[in-house]
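What the coordinates show
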Amino acid sequence: MNGNRFGRLFQVTTYGESHGEAMGVTISGCPAGLELTEEDIQRDLDRRKPGQSMITTSRGEPDEVTINSGIQDGYTTGTPIGMVIQNKDARSGKYEPFITAPRPSHGDFTYSAKFGTRNWGGGGRSSARETVNWVAGGAIAKKILAEHGVELKAHVNQIGDIRADDVTFQDIKELSEENEVRCADPDTAAEMRELIDRYQKEGDSIGGSIYFEARGVPRGIGAPRFDSVEARLGQAMMAVPASTAFEFGLGTEAREWAGHDRNDEWEFDSNGDPKPASNRHGGLQGGITTGEPIYGEVTLHAPTSIPKTQTTVDWETGEEKEVQVVGRHDPVLPPRGVPVVEAMVALTLVDFMLLGGRINPDRMDGQPGKYDTNYHPTRPET
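What this report covers is the structure whose coordinates are included nearby. (Residues numbered from 1 in each chain as written. Predicted model: local features only at pLDDT ≥ 70, side-chain atom pairs only at ≥ 80, totals over all residues. Heavy atoms only, no water.)

**Re the pattern of salt bridges**
Per the stated rule, a full pass over the model turns up 29 salt bridges. Here aspartate 40 and arginine 43 are joined by a salt bridge, their closest N and O atoms 2.8 Å apart. Placement of the pair is aspartate 40 and arginine 43 together in helix 1 (residues 38–48), with a separation of three residues, close to one helical turn. Judged by its relative accessible area of 14%, aspartate 40 falls in the buried class. Since its relative accessible area comes to 52%, arginine 43 is described here as exposed. Arginine 47 serves as the salt-bridge partner of aspartate 44, at 3.0 Å between the closest nitrogen and oxygen. One end of the pair, aspartate 44, and the other, arginine 47, are both in helix 1, three residues apart, so they sit about a helical turn from each other. (Salt bridge = Lys/Arg side-chain N within 4 Å of Asp/Glu carboxyl O. Helix = DSSP H or I, 4+ residues; strand = E, 2+ residues; numbered from the N terminus. Buried < 20%, exposed > 50% of the residue type's maximum accessible area, 1.4 Å probe, protein only.)

Following this line, the structure appears as structure tokens:
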């Protein structure tokens, strides 16, 4: 199976299945000298983990991370960072009816058709549980970016047909973690919660979207065509389980704007440098960053695991049957998807900054040849 690695210089390679022994990720390309602890990773894992509220799956996973390599005395060494998250609450029995009778709109049949076998417990490799690895890698990427003046944040901006008003970046940072929906508009968050509760009581699910924004990204990173920032962001966002659309800047609304109105005219900033007078392009022009905030959103469809009766076929018995997908499932995905989207934005941007020479790929202090550093191990006193 291919497709388990993301990134060029900052490479994330993952393994694990939903009901396997553990999930794991290896990070190659993290510069040396980054102060890093398991607590730095755990903060974001706790935002993604199941069982946070009544609108998330009740699966009881602590998602505690263990760093197995790449750290010495609290600093990265430049070697691969290995992390493991044990699966503690896997219950595969409820998935036995679907071993040869694929669940509607899941990857069950396509995986079996491709490989002739599959890990069926909890959806195996196709489960969104695998994103725990992405969030672990993204936590490191976010810390590197923060050291270089880049900050990013996301929030839930729509559930069903309920859409939040536009909010500031500061609002997203301060308010999005104050409610279970992770929406930075508190009044709209309450409406969203009511809608989610209604679908959950009906044994159904509902979709939504996540808005993200990154600030402090330097101008001049990315490349036209296949290595444009939006192309790579699109790959990252469309890899998120249940994603059906990605947009940046005006997004799909751009089809309603005339060229004269959409175009970002140029003006001088306080330093005398050219800057866009507006930012309808979402911080990207010609595939390259302008230095303005990068923003966009990703749409996630409704969770496919629902207890309502649906129809499937069993290729082993030749029967058509009515089934219910019982178990512990989210009625909506964006609230737990926020740290996943943030992670993929961070992984994309840190890779571009390494590729563009904005971050020294060897060491965080950018001092090649210097060996006597404050993060170098010292000889124990005798």
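**Describing the sheet that holds strand 8 (residues 151–159)**
In space, the five strands of this open sheet follow the order 9-8-10-16-11, with antiparallel pairing throughout. Of all the strands in the sheet, the pair left with one neighbour each is strand 9 (162–163) and strand 11 (243–248). Pairing between strand 8 and strand 9: two bridges, direction antiparallel. Paired with glutamine 158 across the two strands is arginine 163, which belongs to strand 9. Contacting strand 8, strand 10 (208–215) and strand 16 (294–300), helix 8 (residues 334–355) runs over the sheet at an angle of about 145° to strand 8. (Pairing = 2+ DSSP bridges. Contact = heavy atoms within 4.5 Å. Axes fitted to C-alpha atoms, helices over the stretch in contact; angles between N-to-C directions.)

**Section: the packing of helix 6 (residues 229–239) against helix 8**
Relative orientation of the contacting elements helix 6 and helix 8 amounts to 145°, with a least axis distance of 9 Å. Two packed elements cross with a definite hand, and for helix 6 against helix 8 that hand is right-handed. Along its contact with helix 6, which presents Val229, Arg232, Leu233, Ala236 and Met237, the element helix 8 presents Val341, Met344, Val345, Thr348, Asp351, Phe352 and Leu355. Residues belonging to the contact of helix 6 with helix 8 are distributed by class as follows: nine nonpolar, one polar and two charged. (Left-handed = near helix turned anticlockwise from the far one by under 90°. Nonpolar A, V, L, I, M, F, W, Y, C, P; charged D, E, K, R; others polar.)

**Re the nonpolar core**
Membership of the largest hydrophobic core comes to 71 residues, with the highest contact counts inside it found for Phe10, Ile41, Met83 and Ile140. When residues of this core are assigned to their parent elements, the largest contribution, twelve residues, is made by helix 8. If we skip the residues at most four places from it in the chain, isoleucine 41 touches Leu36, Val65, Ile67, Met83, Ala136, Ala139 and Ile140. (Core = buried A, V, L, I, M, F, W, Y, C linked by side-chain atoms within 4.5 Å.)

**Some points on the sheet that holds strand 7 (residues 81–86)**
Strand order in the open sheet formed by five strands is 1-2-3-7-4, and the pairing between neighbours is antiparallel. What marks the edges here is a single partner per strand, and that holds for strand 1 (5–6) and strand 4 (65–69). In terms of strand pairing, strand 1 meets strand 2 (residues 11–15) through two bridges, oriented antiparallel. Following the sheet pairing, phenylalanine 6 is matched in strand 2 by valine 12. Seen against the sheet, helix 1 touches strand 4 and strand 7 and runs at an angle of roughly 140° to strand 4.

**Considering the pairing of strand 16**
One face of the sheet, then the other: side chains in a regular strand alternate in exactly this way. Most of strand 16 is tucked away, with six of its seven residues classed as buried. Here strand 10 pairs with strand 16 via seven bridges, running antiparallel. Residue pairing for strand 16: phenylalanine 212 is matched across the bridge by glycine 296. In this structure, strand 11 lies alongside strand 16, joined through five bridges in antiparallel fashion. Residue pairing for strand 16: glutamate 247 is matched across the bridge by glutamate 297.

**As for the environment of serine 278**
By the secondary structure assignment, serine 278 is in the loop between strand 13 (274–276) and strand 14 (284–285). Residues serine 278 and tryptophan 266, spaced twelve residues apart in sequence, show a C-alpha to C-alpha distance of 8.3 Å. Ignoring anything within four residues of it in the chain, the contact list for serine 278 reads Asn263, Asp264 and Glu265. At 3.2 Å, the side chain of serine 278 forms a polar contact with the side chain of arginine 280. (Polar contact = N/O pair within 3.5 Å; in protein donor to acceptor, adjacent residues only side chain to side chain.)

**So, the packing of aromatic side chains**
The relation between two aromatic rings is expressed through the spacing of the ring centres and the mutual angle of the planes. Per the counting criterion, the structure on display carries six aromatic pairs. Measuring from centroid to centroid gives 6.1 Å for phenylalanine 109 and tryptophan 315, while their planes differ by 65°, and the two rings are edge-to-face. Within this pair, whereas phenylalanine 109 is found in helix 2 (residues 108–115), its partner tryptophan 315 is found in the loop between strand 17 (310–314) and strand 18 (319–323), the two being separated by 206 residues in sequence. Looking at phenylalanine 109, the relative accessible area reads 49%, which means it is partly exposed. Measuring from centroid to centroid gives 6.4 Å for phenylalanine 212 and phenylalanine 246, while their planes differ by 5°, and the two rings are stacked. Linking phenylalanine 212 in strand 10 with phenylalanine 246 in strand 11, this pair joins segments that are 34 residues apart in sequence. (Phe/Tyr/Trp six-rings, centres within 6.5 Å; stacked < 30°, edge-to-face > 60°.)

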